[in-house]
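# Fold and contact review
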Amino acid sequence: MSATRKMTAPAATASPAPVGVMRGYARVSTVDQHPEVQIERLIAAGIAAGQIYVDKGQSGSKAKRPAWDRLMNDMEPGDKIAAVRLDRIGRSVKNLYDTMELFRSRGCYLWILDQGIDTEQPTGMGKLFFGILAVIAEFERDLIIERTVDAQAVVRLTGNMRRIAGGGPPLGFRDPGGAPDRDWVLDPRAADWLASGARMVLDDPQHRVETAFKALPPMTDSTGTPVNVKMFRSALKRAASAGIITVRDVEIGLAECGGPLDEQTWKRLKGIFAARSRGRTPSLVYYPFGPLLRCAKCGNTLTGEIGYKGRRMYGCRSPRKVNGTMLTPCRGVSVSAAAVEELLRVTVEEWLRSPAARAAAAEAPRASGRREELEELIADQQDMIAEFAAQRLARHMRAEKCAELSGEAAAMIDAARRELDELDALEDDGGQLPAGEGWDDMTVPERLRAVQRAVVTPIRVLPGTPGPKAVPTDERLLIIPR
């Protein structure tokens, strides 16, 4: 009887884990830093020099970096990626954990030399340590940003225009060269050219930038680039052109080198551009009586604007401050500019034929009350500008809205100051009105002067509703003869 052999199936053997390659990664944040120390430490840890990937001038906050991307493409299952410190891999929690998930999905490992992190032999303490270090890495980056912002704010407050504007010098400035912390200086040639262009825009009743640019001689900036109309318009809007230093669109000081434009000129331009962005025409030639009109609901000065079908309107559009709280403008207090001007024309011409007009022509002007109103208006609008800046700084208002409202307030201040100048001139000439002249023969300042003589100002405007049952303009304007 022959012995039989018992046949057994061979035991199933697990497939061996893939044997990977040791690869290294080194990174420096700026091009003038040197990664050699990191490379030497990676070589000492047993990584071949040909397997070390180096990024220069790449921030750790970026998920995509040239050498890092090549490393991710070359990485195979079982590979072990080494770095000297955790912050060489990434500086944010999301980026670090995304990297760990990528490594896990590809069957690769991460080895951090200084912190002793080795995901090939994971432990509970190692996972906890990795999480803590990731949070610290992001916290360190936030501290660096905060310190950098604080340092830049200090530099800006000292009046260094170069740091606040960044990049190359804007139109009207030039870089003198020299020390690394050098400031810009004015370029007299371009500065005078820009100031002349600003005066042309302000003197034009329609404030046409293109017309002023065509009237100016050709100009180049500090780099030799020919100035076009877009560059010209941008320079007129830029706060730096007035030597004003801003942080987050809030003015914080004046540059030591000054600017091509004086502050008052720039604010007038700012008001014009802000009004135009909303379809308004800010010139007093088109809306001369706005400073004399008041909203009967809130007391705001009415401003000119383009209304339905391009009609010129006077309306309550400026926010107002009540008990320290900014309120929205009133609705419904809007009247046709043409109707207002016609009504005032009839009123003034009737007054010119009266004995009161002849008596007023020989008397000193009664401007003290109006002067107080204008001075109060200027103070109120200046408070509003400060309030807008505070709201913008606290991030309660968008930069565009802050610039728009501040520009409108600055335009109202400018109009009030002009009227004060007219009152001064009126007092100097004894308050005489043009003898024998009617409304059509008067200039805009003379019309304003005549209205102030003929009726009690400011003129209150009542709200009304549009449509067939709309209240006529003459019933909405509270005109009280003197």
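This structure is a prediction, so every number in the text was calculated from the model and none was measured.

## Description of the overall build of the protein
- Scanning the protein for helices and strands turns up 15 helices and 17 strands.
- Of all 482 residues assigned to the protein, the portion counted as buried reaches 41%.
- Of all intrachain contacts in the protein linking residues separated by at least 6 positions in sequence, the fraction that spans at least 24 positions is 62%.
- For the protein, the computed accessible surface area is about 26000 Å², with 54% contributed by carbon and sulfur atoms.

## Some details on the pattern of salt bridges
- Counted according to the given criterion, the structure contains 11 salt bridges.
- As a salt-bridge pair, Glu349 and Arg345 come within 2.9 Å of each other at their nearest N and O atoms. On the criterion of helical spacing, the pair formed by Glu349 and Arg345 is a turn pair, its members being four residues apart in helix 10 (residues 337–352).
- For Glu349, a relative accessible area of 22% translates into the label partly exposed.
- Overall, Arg345 belongs to the partly exposed group, its relative accessible area being 22%.
- A single network of salt bridges, built from pairs that share partners, joins Arg85, Asp87 and Arg88.

## Things to note about the sheet that holds strand 2 (residues 52–56)
- If you walk across this open sheet you meet the five strands as 2-1-3-4-5, and the pairing is mixed. Taken across any chain shown, the strands that pair with only one partner, and hence form the sheet edges, are strand 2 and strand 5 (117–118).
- Pairing geometry for strand 1 (residues 22–28) and strand 2, over five bridges, is parallel. Within strand 2, the residue paired with Val28 across the bridge is Lys56.
- Each of strand 1, strand 2 and strand 3 (80–83) is contacted by helix 1 (residues 36–44), which is oriented at about 165° to strand 1, the strand it contacts most.
- Together, strand 1, strand 2 and strand 3 form the strand contacts of helix 2 (residues 66–74), whose direction differs from that of strand 2 by roughly 155°.

## Side note on the packing of aromatic side chains
- The tally for this structure, following the rule as stated, stands at six aromatic pairs.
- Ring geometry for Tyr25 against Trp68: centres 4.9 Å apart, planes inclined by 70°, an arrangement best described as edge-to-face. One end of the pair, Tyr25, is in strand 1; the other, Trp68, is in helix 2, with 43 residues separating them in the sequence. Taken individually, Tyr25 and Trp68 each receive the classification buried, so the pair is uniform in this respect.
- Among the aromatic residues, those joined into a cluster by ring pairs are Trp193, Phe213 and Phe232.
- The ring of Trp111 carries Lys80 above its face, with NZ or CZ at 5.1 Å from the centroid.

## Quick notes on the sheet that holds strand 17 (residues 477–478)
- Strand order in the open sheet formed by three strands is 10-16-17, and the pairing between neighbours is mixed. Where the open sheet ends on each side, the last strands, each with one partner, are strand 10 (293–295) and strand 17.

## Thoughts on the pairing of strand 1
- For strand 1, the buried fraction is high: six of the seven residues fall into the buried class.
- Across three bridges, the pairing between strand 1 and strand 3 is parallel. Counterpart to Met22 in the pairing with strand 3 is Lys80.

## Digging into the nonpolar core
- One finds Phe289, Leu302, Tyr314 and Val451 to be the most contacted residues of the largest nonpolar core, which totals 26 residues.
- Elements supplying a minimum of two residues to this core: strand 10, helix 10, helix 14 (444–454) and strand 16 (459–461).
- When residues of this core are assigned to their parent elements, the largest contribution, five residues, is made by helix 10.

## Observations regarding the environment of Arg418
- Locating Arg418 in the fold gives a position in helix 13 (residues 399–428).
- Residue Arg418 is classed as partly exposed on the basis of its relative accessible area, which comes to 36%.
- Taking the C-alpha atoms as reference points, Arg418 and Leu374, separated by 44 residues in sequence, lie 10.0 Å from one another.

## Thoughts on the packing of helix 10 against helix 14
- In contact at an axis separation of 10 Å, helix 10 and helix 14 are set at 70° when each is read in the N-to-C sense. Regarding the angle of helix 10 to helix 14, the classification is roughly perpendicular. Two packed elements cross with a definite hand, and for helix 10 against helix 14 that hand is left-handed. Residues Leu344, Val348 and Trp351 of helix 10 form the contact with helix 14, whose own contacting residues are Ala450, Val451, Arg453 and Ala454.
- In the contact of helix 10 with helix 14, the residues fall into six nonpolar, no polar and one charged.

Scoring rules and cut-offs
- Residues numbered from 1 in each chain as written.
- Predicted model: local features only at pLDDT ≥ 70, side-chain atom pairs only at ≥ 80, totals over all residues.
- Heavy atoms only, no water.
- Helix = DSSP H or I, 4+ residues; strand = E, 2+ residues; numbered from the N terminus.
- Buried < 20%, exposed > 50% of the residue type's maximum accessible area, 1.4 Å probe, protein only.
- Contact = heavy atoms within 4.5 Å.
- Areas by Shrake-Rupley, 256 points an atom, 1.4 Å probe, with all protein chains shown as cover.
- Salt bridge = Lys/Arg side-chain N within 4 Å of Asp/Glu carboxyl O.
- Pairing = 2+ DSSP bridges.
- Axes fitted to C-alpha atoms, helices over the stretch in contact; angles between N-to-C directions.
- Phe/Tyr/Trp six-rings, centres within 6.5 Å; stacked < 30°, edge-to-face > 60°.
- Lys NZ or Arg CZ within 6 Å of the ring centre and 35° of its normal.
- Core = buried A, V, L, I, M, F, W, Y, C linked by side-chain atoms within 4.5 Å.
- Parallel < 35°, antiparallel > 145°, perpendicular 65-115°, else oblique.
- Left-handed = near helix turned anticlockwise from the far one by under 90°.
- Nonpolar A, V, L, I, M, F, W, Y, C, P; charged D, E, K, R; others polar.

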